[in-house]
Amino acid sequence: MNPTITVTDQDDEQDAGKVPARRMSLPGDPEDMLIDEACRELRLPAFRERFIDLAATARRDQATYKQFLLDMLQAEQADRDLRRQQRLLRLARFPRPKRLEDFDFAKNPNVTPEVVADLKSPTWVREGRPLVLIGDSGTGKSHLLIGIGTAIAETGLSVRYTTTSALVNELAEADANRRLSSAIARYSKIDLLCLDEFGYLNLDRKGAKLLFQIFTEREERKATAVATNSPFTEWDKTFGDARLCAAIADRITFRCTLIQTGTESYRYQTTQESLFPTQD
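I will try to describe carefully the structure that is included in this document. Within every chain, residues take consecutive numbers counted from 1 along the sequence as written. Owing to the predicted nature of the model, reporting of local features is limited to residues with pLDDT of at least 70; listing and counting of side-chain atom pairs is limited to 80 or more, with chain, interface and lining totals taken over all residues. Side-chain metrics in this entry use all non-hydrogen atoms of the structure; hydrogen atoms and water are not considered.

**Observations regarding the pattern of salt bridges**
- We define a salt bridge as a contact between a side-chain nitrogen of Lys or Arg and a carboxyl oxygen of Asp or Glu at a distance within 4 Å. On inspection of all chains with the given rule, the structure shows 14 salt bridges.
- Residue R48 pairs with D36 through a salt bridge whose shortest N-O separation is 2.7 Å. Placement of R48 in helix α3 (residues 45-61) and of D36 in helix α2 (residues 30-42) is noted, with a sequence separation of twelve residues between them.
- In this structure, R99 engages E154 in a salt bridge whose closest nitrogen and oxygen atoms are separated by 2.9 Å. Residue R99 is found in the loop between α4 (65-92) and α5 (113-118), and its partner E154 is found in the loop between α7 (141-153) and β2 (159-163); the two are separated by 55 residues along the sequence.
- The buried label applies to any residue whose accessible area, calculated with a 1.4 Å probe on protein chains only, is under 20% of its type's maximum; exposed applies above 50%, and partly exposed to all values in between. Residue classification places E154 among the partly exposed residues on the basis of a relative accessible area of 24%.
- Residues joined in a network through salt bridges with shared partners are E76, D79, R80 and R83. Here a helix means four or more residues in a row that DSSP labels H or I, a strand means two or more in a row labelled E, and each is numbered from the N terminus.

**Considering the environment of G147**
- Inspection of the secondary structure puts G147 in helix α7.
- Placed 49 residues apart in sequence, G147 and K98 show a C-alpha to C-alpha distance of 5.1 Å.
- Residues in contact with G147, not counting those within four places in the same chain, are K98, R99 and L100. Any two residues whose heavy atoms approach within 4.5 Å are treated as being in contact.

**Remarks on the packing of aromatic side chains**
- When two rings of Phe, Tyr or Trp (its six-membered ring) have centres within 6.5 Å they constitute a pair, described as stacked for plane angles under 30 degrees, edge-to-face for angles over 60, and tilted for the intermediate range. Summed over the entire model, instances satisfying the criterion amount to five aromatic pairs.
- Measuring from centroid to centroid gives 5.1 Å for F198 and W235, while their planes differ by 65 degrees, and the two rings are edge-to-face. Residue F198 is found in strand β3 (residues 192-198), and its partner W235 is found in helix α11 (residues 235-239); the two are separated by 37 residues along the sequence.
- The exposure class assigned to F198 is buried, which follows from its relative accessible area of 1%.
- Of the residues examined, W235 reaches a relative accessible area of 1% and is grouped as buried.
- On the basis of an interplanar angle of 75 degrees and a centroid distance of 4.9 Å, the ring pair of F232 and W235 is categorised as edge-to-face.

**Topic: the environment of K107**
- With respect to the secondary-structure elements, K107 resides in the loop between α4 and α5.
- On a C-alpha basis, the gap between K107 and G140 in space is 9.8 Å, while along the polypeptide they are 33 residues apart.

**Examining the packing of helix α8 (residues 164-176) against helix α10 (residues 205-218)**
- Lines fitted to C-alpha atoms define the axes, with helix axes restricted to the stretch in contact, and inter-axis angles between N-to-C directions lie between 0 and 180 degrees. At a closest axis distance of 9 Å, the pairing of α8 and α10 adopts a crossing angle of 95 degrees. For the element pair α8 / α10, the angle class is roughly perpendicular. Across from T164, L167, V168, L171, A172 and D175 in α8, the residues of α10 making contact are K206, G207, L210, L211 and I214.
- Only Asp, Glu, Lys and Arg are considered charged in this grouping, and only Ala, Val, Leu, Ile, Met, Phe, Trp, Tyr, Cys and Pro are considered nonpolar; every other residue, Gly among them, is considered polar. Looking at the contact of α8 with α10 residue by residue, the class counts come to seven nonpolar, two polar and two charged. Should an angle lie under 35 degrees it is considered roughly parallel, over 145 roughly antiparallel, and from 65 to 115 roughly perpendicular; all remaining angles are considered oblique.

Here it is, written out as structure tokens:
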């Protein structure tokens, strides 16, 4: 038995012209108005937005009640997934949009596409494994860090991007205001912490100890990804204290995925090519 669905002449004209689905004004049918009101109260925005169009499609295709209901539920589910992705991306606080699909592997031969592709999967994040990106300035570390973080956020996991100096300053301020415990607890719940510019600035002992607490709270529970221009052998210059440096390095590198982006600046190559284009 097919569902009895009220469809206006406007609906039939749209079907005939194959106009893309869009929100139409309610034709004044009492049932449509009641459905619209119920969708508002139940907070079903996609259901409300599309029920007239999907009803017209169901009538045209002679869909069963179950198929029509399934189409409506899938539309609502897809809309909620999209809105959740958008919310997670906002909460990640990426400084600029970067996607892995836009990364130029041809100009960064040190980076293996297969390894990067594996990092789009949330498996390593759920396992609490670290990621370390090492390379000179302009070699694509931040692009990869943001691109990987974006891909993970789109799988539904929580992500937060920050620079090392910004994080240390935030923790120092929280400590001064006696809110350090709550700040550390907040960072301990994030599925993936993307820490950029790691090792760019030398930290005093207090700053290093604050950062150490973050790594300790997240160790083997939550994933941390760092991008640094300093090789492991130079990290003692960043943290000053050799023992503290060793403890932090131990937590970052245990079971980590290491990507070395090299020394040749991608930005410099791009600038050179724009200034001095190759003549055919």
